[in-house]
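Working through the structure, step by step
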Amino acid sequence: MDARVNSPAYLALSGVGKTFGSGAGQTEALGEIELAVREGEFLAIVGPSGCGKSTLLQIAAGLAQATRGTVQFHGEEVTAPPPGIVYLFQQYGRSLFPWRTVLDNVAFAVEHLPGMSRAKARASSRLYLDMVGLGDFAGHYPAQLSGGMQQRVTIARALAAQPRVLLMDEPFSSVDALTRLELHALVQDLWRKHGFTAVLVTHDADEAIFLADRIAVLSARPSRVVRMLETGLPRPRDRLETPLMPRYLELRHELLAMLLGKAP
Amino acid sequence: MSAVTPSRKRLQSWLGPGVLLVLVLLLELATRAGWINPVLVPPPSAVAQRLFAVVTAGSIFEPLGRTMYLLVVAYAIGCVLAIGLGVLMGRFRPIHGLLEPLVEVLRPLPKPALLPPLMLFLGLGDTMKITAVSLGVFFPVLINTIQGVRGVDPVLVEVARTFQHSRAALLWKVVLPSAMPLVLAGMRIALGIALVLVVVAEMMAGSGGIGYLIIDLQRSFRIVDMYAWVVILAVLGYALNEVFVRIERRAIHWSGARAG
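Owing to the predicted nature of the structure, the values given are computational and were not obtained by experimental measurement.

The rules we used
- Residues numbered from 1 in each chain as written.
- Chains lettered and ligands numbered in written order.
- Predicted model: local features only at pLDDT ≥ 70, side-chain atom pairs only at ≥ 80, totals over all residues.
- Helix = DSSP H or I, 4+ residues; strand = E, 2+ residues; numbered from the N terminus.
- Rg over C-alpha atoms; globule rule 2.2 N^0.38 Å.
- Buried ≥ 20, exposed ≤ 12 C-beta atoms within 10 Å, placed from the backbone.
- Contact = placed C-beta atoms within 7 Å.
- Nonpolar A, V, L, I, M, F, W, Y, C, P; charged D, E, K, R; others polar.
- Core = buried A, V, L, I, M, F, W, Y, C linked by C-beta atoms within 7 Å.
- Axes fitted to C-alpha atoms, helices over the stretch in contact; angles between N-to-C directions.
- Parallel < 35°, antiparallel > 145°, perpendicular 65-115°, else oblique.
- Left-handed = near helix turned anticlockwise from the far one by under 90°.

What to know about the overall build of chain B
Counting secondary structure elements, chain B contains eleven helices and zero strands. Seen in sequence order, chain B has helices and strands lined up from the N terminus as α-α-α-α-α-α-α-α-α-α-α. Against the compact-globule benchmark of 18 Å for 260 residues, chain B has a radius of gyration of 23 Å, which places it well outside the compact range. Seen through its C-alpha atoms, chain B measures out along the principal axes to roughly 75 × 60 × 30 Å. Counting the 260 residues in chain B, one finds 33% classified as buried. Look at the contacts in chain B between residues 6 or more apart in sequence, and 72% of them connect residues 24 or more apart.

Here it is in structure tokens:
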């Protein structure tokens with residue numbers, strides 16, 4: 001057996017629950033989530049809308065507190081955003097600083113690190129901007145970019161921090177369909193190249209299957225992990241070829257049946 | 001909107017200044033024809049001549065310098081204190097709860113009313129005037145800063161947290177720039193208030209400066225000189241606002257781009 005499987009999980013959520021409000025008006029968003037993220041994997045979390053996927057991710061990032069249960073990263077309990085975990089926000093337009101140029105928005109991820117000068121921060125940010133194909137837009141302001149380009153900037157910024165875990169909250173949900181496909185390919189390439197652990201929250205079955213090694217399926221509120229699917233599709237995955245594979249179609253059928261509540 | 005031809009647009013942009021010119025000419029006519037007592041309202045041409053003399057003789061600089069000194073020092077003190085306290089009040093609930101009633105009681109008080117009591121404590125010198133003007137500047141900037149800080153997008157705050165920025169960096173790099181458009185709007189209002197208060201303070205307790213000069217000239221019946229200095233004050237107010245708007249536009253160019 002692989003040694004890694006026996007070792008404590010890299011990022012582990014045990015018995016995590018979240019209740020909003022109190023008394024008669026309280027809502028139990030997360031029931032009892034058990035989730036062990038493996039080092040280096042690409043994990044997708046899917047579930048019906050309103051099942052608390054984003055809340056779950058925020059708790060894993062240390063940006064929100066769980067009502068019950070614990071989150072451990074590297075065996076240490078997470079109570080505030082830990083170094084090494086970066087959260088990519090769904091609202092890309094609101095997560096960029098409008099007063100900073102594109103380059104300085106990326107530099108925000110590194111400029112405060114020890115031993116980092118302004119020039120060094122900019123030089124390293126430029127590399128990441130090139131990686132997402134926005135090298136020519138370094139001097140632009142976010143408002144001058146399209147939605148898809150803005151989301152690329154936030155991806156470059158997240159990677160510039162050299163995270164060990166990248167948590168993505170429906171990062172492609174508000175860009176147009178073609179841009180979304182381009183961003184899928186970009187994220188797959190960057191993940192393969194940089195070797196970080198990726199956790200993606202999405203409600204899009206195709207997105208989850210195309211990108212992930214494993215897919216955790218959440219139930220409706222109060223949510224629990226009801227299934228864990230191994231995709232087992234070969235990499236690199238291709239936008240045109242991969243969706244034609246029998247395994248892809250089988251996964252898609254299974255996942256949609258669960259999401260639509262028609263599973264046997 | 002109907003289509004406006006370029007020539008028509010040019011005509012429209014001259015309309016406002018044209019009205020001003022016509023009014024000045026009418027005043028000139030009225031004073032020369034004797035419809036208005038020229039002792040109380042001298043003809044604009046006479047005021048213009050005196051104004052020209054004041055500027056070319058260099059006697060404009062001393063009073064203007066004094067007024068500007070009070071204005072700049074008091075404005076800077078008022079703005080710095082208001083922004084500092086505004087960030088704290090906007091960001092930390094207990095501080096807001098502690099100070100908000102005090103602010104709400106002091107804010108609506110017309111600041112010239114503070115001049116007589118301040119004179120008792122601080123005398124008639126610069127300290128009193130700077131204190132009074134700073135107080136006038138303080139409140140509009142404070143109120144806008146609190147609002148601006150409260151309006152910071154929580155997503156931007158979370159971005160600072162996920163990238164491990166310190167709390168001080170969060171204030172300096174995220175909260176303050178986000179609040180800047182509202183802070184600057186408050187500062188623009190405060191600039192007008194500051195000029196009014198400097199002039200009033202100089203009139204009530206002055207030994208120099210434009211405000212003192214205007215009331216002194218009126219008391220010694222040098223009416224033409226008095227009007228010349230009123231015009232200087234009007235130009236100063238206009239110029240200050242113009243400079244401020246230009247700086248503001250540069251500082252928050254991103255804000256307009258975002259709204260559009």
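Concerning the interface of chain A and chain B
Each side of the interface is counted separately: chain A has 19 residues, and chain B has 15 residues. Of the residues belonging to the side of chain A that touches chain B, the class tally is 15 nonpolar, three polar and one charged.

Quick look at the nonpolar core
Counting 134 residues, the largest nonpolar core has A:Val106, A:Leu167, A:Val199 and B:Ala194 as the members making the most contacts within it. No other element matches the 18 residues that helix α8 (residues 167–205) of chain B contributes to this core. Here B:Ala194 is in contact with B:Leu71, B:Ala74, B:Tyr75, B:Val133, B:Gly136 and B:Val137, once residues within four sequence places are set aside.

Overview of the packing of helix α5 (residues 118–131) of chain A against helix α6 (residues 147–160) of chain A
All names here are of chain A. Between α5 and α6, whose axes approach to 9 Å, the crossing angle comes to 135°. Relative to α6, α5 is oriented oblique. Here the hand of the crossing between α5 and α6 comes out right-handed. Residues Ser 124, Ser 125, Tyr 128, Leu 129 and Met 131 of α5 pack against Ala 156, Leu 159 and Ala 160 of α6. Counted by class, the contact of α5 with α6 contains six nonpolar, two polar and no charged residues.

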